[in-house]
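Fold and contact review
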There are 2 protein chains.
Amino acid sequence: MSSPGSQPPQRVSDVGERVLIERIRKRVPPTPAGLIVAIGDDAAVAALDRGTLQVLTTDSLVEGVHFDRRFSSPADIGYKALAVNVSDVAAMGGTPRLALLSLMLPEAITLAEVDAILDGLLEMAAECGVALAGGNITRSPGPLVVDVTVSGSVKPRKILTRGGGRAGDALYVTGRLGAAAAGLAWLRAAASSTAPESGRAHVSGPEDAHLAECVARHCRPAPRVRIGALLGRNRAASACMDLSDGLADAVTQIASASGTGATLDASLLPIHPGAISWFTAAGGDPLAASVAGGDDYELLFAVPRRRKGRLRAVVRESRGIPITRIGELTAERTIGIVRGERIEPLPAGFTHF
Amino acid sequence: MSSPGSQPPQRVSDVGERVLIERIRKRVPPTPAGLIVAIGDDAAVAALDRGTLQVLTTDSLVEGVHFDRRFSSPADIGYKALAVNVSDVAAMGGTPRLALLSLMLPEAITLAEVDAILDGLLEMAAECGVALAGGNITRSPGPLVVDVTVSGSVKPRKILTRGGGRAGDALYVTGRLGAAAAGLAWLRAAASSTAPESGRAHVSGPEDAHLAECVARHCRPAPRVRIGALLGRNRAASACMDLSDGLADAVTQIASASGTGATLDASLLPIHPGAISWFTAAGGDPLAASVAGGDDYELLFAVPRRRKGRLRAVVRESRGIPITRIGELTAERTIGIVRGERIEPLPAGFTHF
């Protein structure tokens, strides 16, 4: 949407809130049935199916905390802001339905950048069948903030909480671990080796395909909407959580909420090949970095022994996304990881402060 | 919650996210029936009544844009952050049910301040029957941001949108106009006349009772939840909106969405006595300031002639909150205010950029 030629890009403060909302309204796909009032009134109004529960979650991306504009394009930021919320609904076994977008815009942001944030958000919305139903726009005297709320639905008794696990349940994880952490580490290294005087606004990606996948995963996580809904629907899982703050954090949370401990087996962890090569080359411990690193947005879930058949049905429909057994919940309330002959404590997860 | 004695107040960054969420969880009233999963999982899960629609809205308060910590206490900020959202649900004829709280906390904020934000929010929640169901906490490298999402319910065909008005419908407003604007103007004047060296963190209130009411209204708006729900339930109103950005803005929005114009009568406007005395003393135009000033969170609504009986039923149940006819929607699509012999354009409302 940026205009060619030498004109300076239009700032948001040149056009005001009304014009901005109109731009957004025009770009949002047609209102689906069931969304009675969409963008433009005091609130959005939606009809949920009868006999379903509403799942509600909110998560924000704050510039300088959750993203760096040198690494993530505005479209990446919009995409991820919705993806992280959708991931929370998936982790409850729910189906995401509606999103609200709360934008806090710094003075210098351009209209083209706001358009791109929306492009990214709508791309994710189309991928997971979510309708943007409303939101709020305001000025920020500080960082760019993209705060999203997602409302979804789930049938009663199909909800996946963190607290349903029992000792003896096997722990599984979707996808690969450590990709987002390796991608971010690569971006930071690339940025610090680029002279700031070069004026390059955006770090370009690595040539190595595995690492490029890691960078892509950091910028655009892939929430496991389908697997989450399948796990809830056929009740394969007793507990579930997404890896927003890393595997170590998620294992701790599920065990704590379920009143159990947990043991992981290091040899089973599906660490992303890009994470292995990057953290090894950097002289680090790929396992520790991948277990502690956040932003993977894979699902961690517990499966009771008698429900393994149900899990196989989910695996058959997982469209190539790996589902790997990595350990189990234990009666003894400690959290550890078996590494060769030893059992070690888990590295700490990402903290927000 | 601040500790006595000379110890420095605890900072949020001393305790971390987990402790903060636990503190919040402990202070939230018992989970109401229908809230299946509350704070502490990936998302909140709620059962709505069958045959009802879900109303969803989000609105944020950003330090330096929407509040000044010299004027509003942390409890005021929490109270208002929920109130402005509840007001949006009321303006749709809905009943607010659940809230999500998204906090972005600057480094230097203390635990006692976070506790107080929550106190204020829970006070408003208790007043309007809302349950805090979840949310998100993160660090802010800039301003304090309190972003709230409210989910409410409304029966089909009882929704009040902005767009249902017709030419000839009378326009009504709840409460008094200009109070919040006068309160803010007073606070700003008081702050600029206080030497910053005095180190007073908080401006104390005015002695004049009307002005004190205005300051209170700026810091703690009173969303018209009951009247909004009544207007929706008995279908007295054809269109409705809250005055978050001022009367001039709301009249323009309702007229535009309804495909009409509007004429107000200056002599009918229920301007708050504190606003009249303050803006007059300051050499301003109380009417213009009260019509343009935002943050009143009263309701503006249109009533077709044949539904006046229904409106009387609402007035009887409004518990002393004035409901005043101030003009009408017109076929000619201009917006004006009759002032003595002349018809003038409306002063512009609050803009966010």
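About the cut-offs
- Residues numbered from 1 in each chain as written.
- Chains lettered and ligands numbered in written order.
- Predicted model: local features only at pLDDT ≥ 70, side-chain atom pairs only at ≥ 80, totals over all residues.
- Axes fitted to C-alpha atoms, helices over the stretch in contact; angles between N-to-C directions.
- Helix = DSSP H or I, 4+ residues; strand = E, 2+ residues; numbered from the N terminus.
- Parallel < 35°, antiparallel > 145°, perpendicular 65-115°, else oblique.
- Left-handed = near helix turned anticlockwise from the far one by under 90°.
- Contact = placed C-beta atoms within 7 Å.
- Nonpolar A, V, L, I, M, F, W, Y, C, P; charged D, E, K, R; others polar.
- Pairing = 2+ DSSP bridges.
- Least-squares fit on C-alpha atoms with pLDDT ≥ 70 in both.
- Buried ≥ 20, exposed ≤ 12 C-beta atoms within 10 Å, placed from the backbone.
- Right-handed = clockwise from strand over helix to strand, strands pointing away.

This brings us to the packing of helix α2 (residues 74–90) of chain A against helix α3 (residues 111–128) of chain A. Residues and elements named next belong to chain A. The N-to-C vectors of α2 and α3 enclose an angle of 40 degrees; their axes lie 6 Å apart at closest approach. By the angle between their directions, the pair α2 and α3 is classed as oblique. Along this stretch, α2 crosses α3, giving a crossing that reads as right-handed. For the pair α2 and α3, contact is made by P74, A75, D76, I77, G78, Y79, A81, L82, A83 and V86 and by E113, A116, I117, L118, D119, G120, L121, E123, M124, A125 and C128, respectively. Across the contact of α2 with α3, the residue classes break down as 15 nonpolar, two polar and four charged.

This part takes up the sheet that holds strand β11 (residues 323–330) of chain B. Residues and elements named next belong to chain B. With mixed pairing, seven strands are arranged side by side in an open sheet as β8-β10-β7-β11-β9-β12-β13. If you trace the sheet from one side to the other, it starts and ends with β8 (239–242) and β13 (342–345), each paired once. Direction aside, the axes of adjacent strands within the sheet are offset by 30 degrees on average. Taken strand by strand, helix α6 (residues 225–233) contacts β7 (170–174), β8 and β10 (299–303), and its axis lies near 20 degrees from that of β10.

So, on to the sheet that holds strand β6 (residues 145–154) of chain B. Strand order in the open sheet formed by six strands is β1(A)-β2(A)-β3(B)-β6(B)-β4(B)-β5(B), with mixed pairing between adjacent strands. Of all strands in the sheet, those bounded by a partner on one side alone are β1 (35–37) of chain A together with β5 (131–140) of chain B. Between one strand axis and the next, the sheet turns through 20 degrees on average, direction left out of account. Relative to β6 of chain B, strand β3 (residues 53–62) of chain B runs antiparallel, the two being bridged by 10 bridges. Its bridge partner being in β6 of chain B, L53 of chain B is matched across the sheet by V154 of chain B.

This part is about the interface of chain A and chain B. Opposite the 58 residues of chain A that make contact, chain B presents 58 residues. If one sorts the elements of the side of chain A that touches chain B by residue count, strand β3 (residues 53–62) of chain A sits on top with nine residues. With three bridges joining them, strand β2 (residues 44–46) of chain A and β3 of chain B adopt antiparallel strand pairing. Within β3 of chain B, the position partnered with V45 of chain A by the bridge is V55 of chain B.

Residue and element names in this part refer to chain B. As paired strands, strand β9 (residues 261–265) and β11 are joined by four bridges and run antiparallel to one another. From the neighbouring strand, A262 faces β11, where its bridge partner is L329. One ladder, built from four bridges, connects β9 with strand β12 (residues 335–339); its direction is parallel. Bridge assignment links T263 to a residue of β12, and that residue is G336.

Before going further, it helps to spend a moment on the relation of the copies chain A and chain B. Relating one copy of the chain to the other takes a rotation about an axis and a shift parallel to that axis. Mapping chain A onto chain B leaves a residual RMSD of 0.0 Å; the transformation is a rotation of 180 degrees accompanied by 0.0 Å of translation along its axis. Given the turn and translation reported, the copies of this chain are related as if by a two-fold rotation axis. For chain A, the residue whose C-alpha comes nearest the rotation axis is G142 of chain A, separated from it by 2.4 Å. Interface overlap between copies: 100% of the residues of chain A at the interface are likewise at the interface in chain B, consistent with a symmetric, same-surface contact.

At 3.6 residues per turn, the α-helix brings residues three or four places apart onto the same side. Of the positions making up helix α5 (residues 209–219) of chain B, those classed as buried are L211, E213, C214, V215, R217, H218 and C219 of chain B. Those residues of α5 of chain B that are buried lie in contact with α2 (74–90), α4 (179–192) and α8 (273–281) of chain B.

Once that is clear, we can look at the pairing of strand β4 (residues 95–106) of chain B. In summary, the side chains of a regular strand alternate between the two faces of the sheet. All names here are of chain B. For β4, the buried fraction is high: 11 of the 12 residues fall into the buried class. Of the strand pairs in this sheet, β4 and β6 are connected by nine bridges, and their pairing is antiparallel. Pairing of S102 across the sheet is with D147, part of β6. One ladder, built from nine bridges, connects β4 with β5; its direction is parallel. Note that in β5 the partner of P106 across the bridge is S140. Where the polypeptide runs from β4 across helix α3 (residues 111–128) and back to β5, its parallel neighbour, the crossover connection is right-handed.

These figures come from the coordinates and say nothing about function on their own.
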